[in-house]
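# Results of the structural survey
As a plain string of letters, each chain reads:
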Amino acid sequence: MNELIFMLLFFGTPGIIGFVMAKRRGKNPFLWGVLCGVLPFFLMVLKMQFKLLDKPKGPQSP
């Protein structure tokens, strides 16, 4: 039973984090959740991808 809990934490935690990050960035959350769960390296890839949520601040020309 302890091994099962360890495996769920080991693979589940990065998968859940990847799912949430992908959802916020407008990516496919299920694909990124699975990728991050199997290979946590993809969390860094997903972190490097960003989506501009705000308009750039500064003088606007008409």
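Above: the structure in question.
Presented here is a report on the structure given in the accompanying data block. For every chain, the first residue of its written sequence is number 1, and the numbers climb from 1 along that sequence. Note on the predicted model: pLDDT of at least 70 is required for a residue's local features to be given, and 80 or more for side-chain atom pairs to be given and counted; whole-chain, interface and lining totals, by contrast, use all residues. Values shown for side chains rest on all heavy atoms present in the structure; no hydrogens or waters enter the calculation.

## Section: the overall build of the chain
Inclusion rule: Strands are runs of DSSP state E lasting at least two residues, helices are runs of H or I lasting at least four, and both sets are numbered from the N terminus onward. Throughout, exposure labels follow a simple rule: accessible area from a 1.4 Å probe, protein chains only, divided by the maximum for the residue type, with under 20% read as buried, over 50% as exposed, and the rest as partly exposed. The contact definition used throughout considers only heavy atoms, calling two residues in contact when any of these lie within 4.5 Å. Computed by Shrake-Rupley with a 1.4 Å probe, the accessible areas treat only the displayed protein chains as cover when residues are assessed.
Scanning the chain from N- to C-terminus turns up three helices and zero strands. For the chain, the sequential pattern of α-helices and β-strands runs α-α-α. Counting across all 62 residues of the chain, residues that qualify as buried make up 21%. By sequence separation, contacts in the chain at least 24 residues apart represent 32% of the contacts at least 6 residues apart. As displayed, the chain has an accessible area near 5500 Å², and 72% of this comes from carbon and sulfur atoms.

## With respect to the packing of aromatic side chains
Ring pairs (aromatic) are described by centroid distance and by the angle formed between their planes. Let me state the cut-off plainly: Whether two aromatic rings pair depends on their centres lying within 6.5 Å, for rings of Phe, Tyr and Trp, where Trp uses its six-membered ring; planes under 30 degrees apart make the pair stacked, over 60 edge-to-face, and the rest tilted.
The full count for this structure, using the stated rule, is three aromatic pairs. For the ring pair Phe 6 and Phe 10, a centre distance of 5.7 Å and an interplane angle of 20° mean the geometry is stacked. Of the two residues, Phe 6 and Phe 10 both sit in helix 1 (residues 2-25), four residues apart, roughly one turn of that helix. Residues Phe 19 and Phe 30 carry aromatic rings whose centres are separated by 5.5 Å and whose planes lie at 65° to one another, so their mutual orientation is edge-to-face. Here the residue Phe 19 occupies a position in helix 1, and Phe 30 occupies one in helix 2 (residues 29-38), the gap between them amounting to eleven residues. The class of Phe 19 is partly exposed, set by a relative accessible area of 28%. Ring pairs connect the aromatic residues Phe 6, Phe 10 and Phe 11, which therefore count as one cluster.

## Structural notes on the nonpolar core
Inclusion rule: Grouping buried Ala, Val, Leu, Ile, Met, Phe, Trp, Tyr and Cys residues that are joined through side-chain atoms within 4.5 Å yields what is termed a nonpolar core.
Met 21, Ala 22, Trp 32, Cys 36, Leu 43 and Leu 46 form the largest nonpolar core, which has six residues in total. Contributing elements (two or more residues each) for this core: helix 1, helix 2 and helix 3 (41-48). Apart from residues no more than four positions distant in its own chain, Ala 22 is found in contact with Lys 27, Asn 28, Pro 29, Trp 32 and Leu 46.

## Regarding the packing of helix 2 against helix 3
A pair of packed helices is characterised by two quantities: the angle between their axes and the separation of those axes. Note the threshold: Note on definitions: angles span 0 to 180 degrees between N-to-C directions of axes, and those axes are lines fitted to C-alpha atoms, for helices only across the stretch in contact. Our angle categories are set so that under 35 degrees counts as roughly parallel, over 145 as roughly antiparallel, 65 to 115 as roughly perpendicular, and the remainder as oblique. Classes in brief: Ala, Val, Leu, Ile, Met, Phe, Trp, Tyr, Cys and Pro nonpolar; Asp, Glu, Lys and Arg charged; the others, Gly included, polar.
Helix 3 packs onto helix 2 with a crossing angle of 135° between their chain directions and a minimal axis gap of 6 Å. Comparing the axis directions of helix 2 and helix 3 gives the class oblique. For the pair helix 2 and helix 3, contact is made by Trp 32, Leu 35 and Cys 36 and by Phe 42, Leu 43, Val 45 and Leu 46, respectively. When the residues that make up the contact of helix 2 with helix 3 are grouped by side-chain class, the tally is seven nonpolar, no polar and no charged.

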